[in-house]
Protein chains: 2
Amino acid sequence: MTEEGGRDPGEDAVSEVLSALADPTRRRILDALAAHGGRATATVLALQLPVSRQAIVKHLGVLTRAGLVVGHREGREARYTVLPSPLTSTARWMDRVASDWDSRLSAIKNLAESDHD
Amino acid sequence: MTEEGGRDPGEDAVSEVLSALADPTRRRILDALAAHGGRATATVLALQLPVSRQAIVKHLGVLTRAGLVVGHREGREARYTVLPSPLTSTARWMDRVASDWDSRLSAIKNLAESDHD
DNA sequence: GTGTCGTGCAACTCTGGAGTTGCACATCAA
DNA sequence: TTGATGTGCAACTCCAGAGTTGCACGACAC
C-alpha cells in the first residue's frame, strides 16, 4: 500500500494537488464551485468563466484526480462538489517542510556561530 | 501597495508559490538545498540531480521569484538559501480556503436537511 | 414519436516551460 | 600570465497541457 490513511498525503498526492491548484483557471473553477454551494454542472460553470465547457470538463477531471472535487450524475446532468480535505492535508505537508527547513537553517546557523566565535 | 506585511499572501504570491512547487524537479532542488544546510551552488546541485546546471539555474530563478529561495554571491560562486516563510503563508491560505469551503458546504447541507424534512 | 438540452468523446492547434548545448566572461590558484 | 573553475547569457529542441471545435449519444419535455 502506498497510502497511509489520509493523514499523510504522500508525495504523489501532494504533487497532484499542487499541480491542480497551480492553474489559475482551475482555482476560479473551484471558487465558482464553492460559491454555488458545491453543486454545479460543467455547463453552468462555463457560463460564468471565459472558457468553453470542454475546457471546464478537462479541468474537473484533473481536480477529480487530485481529490479536490467529486462528481455524481443526476438524471442527464453531472453535478460536482468540492472536497476540502486534500487542501488541509497539503497545508500540513507544507508546514512540515517549512519547519524542517527552519530546523536545518537554525542548526547551521548555530554551528556557524559557535565556529566563528 | 498590494502587499500587507507577509501575513496575507495575495493571489499572485500564492499562484507563484504553487506553480513553483508544482514541478517535481524544483521540489528536489529545494530538498537538496535544505539538506545542504541552505547553502549550495547551482553546480553542486547539478551534480546530485539528473539535470544540467543550466536547468538548475532556471529553476532557481523561478524559486527566487516565488520567494522560496534567495541567492548571494561569494567570490566567483553563487550560493542559494531556502526561505520557509512563503510556505507557511501559502499553507495558511490553503487552510482559509478549506474552511471557507467547509462553511459553505455545511450551510448548504443544513438548508437541504431543513428543506427535506 | 420529434425536438431539445446536457454530456461525453475525439481530433486538432498552439503556447509555455523544461531541458539541452555552446560560448563568453569573471574569478581564483599556480 | 596562464590555466582552471564557476557563472551567465543566448539559441535551440521538445512535449505536456490548456483550449478549441465538431459530432454522436442519452435523457427529458412535448
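These lines cover the structure that appears in this document, whether it is placed above or below. Starting afresh in each chain, residues are numbered from 1 along the sequence in its written order. Each chain is given a letter, starting from A, and each ligand a number, starting from 1, according to the order in which they appear as written. Whole-chain, interface and lining totals are the exception, using all residues; otherwise, since this is a predicted model, local features are given only for residues with pLDDT of at least 70 and side-chain atom pairs are given and counted only at 80 or more. Think of the side-chain values as coming from all heavy atoms in the structure, minus any hydrogens and water.

## Quick look at the packing of helix 1 (residues 11–22) of chain A against helix 2 (residues 24–35) of chain A
All names here are of chain A. Where helix 1 contacts helix 2, the axes come no closer than 5 Å and their chain directions differ by 90°. For the element pair helix 1 / helix 2, the angle class is roughly perpendicular. Taken together, the residues of helix 2 that come into contact with helix 1 (itself represented by S19, A20, L21 and A22) are P24, R26, R27 and L30. Of the residues belonging to the contact of helix 1 with helix 2, the class tally is 5 nonpolar, 1 polar and 2 charged. Helix axes use the C-alpha atoms of the stretch in contact, all axes being lines fitted to C-alpha atoms, and the angles between their N-to-C directions lie in the range 0 to 180 degrees. Secondary structure elements are taken from DSSP: a helix is a run of H or I of four residues or more, a strand is a run of E of two residues or more, and numbering for both begins at the N terminus. Orientation labels follow simple angle bins: below 35 degrees gives roughly parallel, above 145 gives roughly antiparallel, 65 to 115 gives roughly perpendicular, and whatever is left gives oblique. Throughout, a contact is declared for two residues whenever any of their heavy atoms are within 4.5 Å. All amino acids are sorted into three groups, where Ala, Val, Leu, Ile, Met, Phe, Trp, Tyr, Cys and Pro are nonpolar, Asp, Glu, Lys and Arg are charged, and the leftover types, Gly among them, are polar.

## Re the pairing of strand 2 (residues 69–74) of chain B
Residue and element names in this part refer to chain B. Strand pairing is assigned whenever DSSP identifies at least 2 bridges connecting the two strands. Two elements, strand 2 and strand 3 (residues 77–82), share 6 bridges in a ladder whose sense is antiparallel. Looking at the pairing, G71 lines up with Y80 of strand 3. Counting the residues in the hairpin turn of strand 2 and strand 3 gives 2 residues, including G75, whose phi is positive at 65°.

## Concerning the protein's contact with DNA strand C
One heavy atom suffices: a residue is near a molecule or strand as soon as one of its heavy atoms comes within 4 Å of it. Around DNA strand C, 20 residues are found, and the nearest of them are A:T43, A:Q54, B:S52, B:K58 and B:H59. Each atom of DNA strand C within 4 Å of the protein was classed as base or backbone; sugar and phosphate made up 50%. Separating a phosphate oxygen of DNA strand C from a backbone N or O atom of A:A78 is a distance of 3.4 Å. Within the side chain of B:K58, one N or O atom sits 2.4 Å away from a base oxygen of DNA strand C. For the surface near DNA strand C, the secondary structure elements donating two or more residues are helix 4 (53–65) and strand 3 (77–82) of chain A together with helix 2 (24–35) and helix 4 (53–65) of chain B. Residue contributions to the surface near DNA strand C peak at 4 residues, all from helix 4 of chain B. Its residues placed into classes, the surface near DNA strand C shows 3 nonpolar, 8 polar and 9 charged. As used in this structure description, the phrase polar contact means that two N or O atoms lie within 3.5 Å; if the pair is within protein, one of them must be able to donate a hydrogen and the other to accept it, and residues adjacent in sequence are counted only when both atoms belong to side chains.

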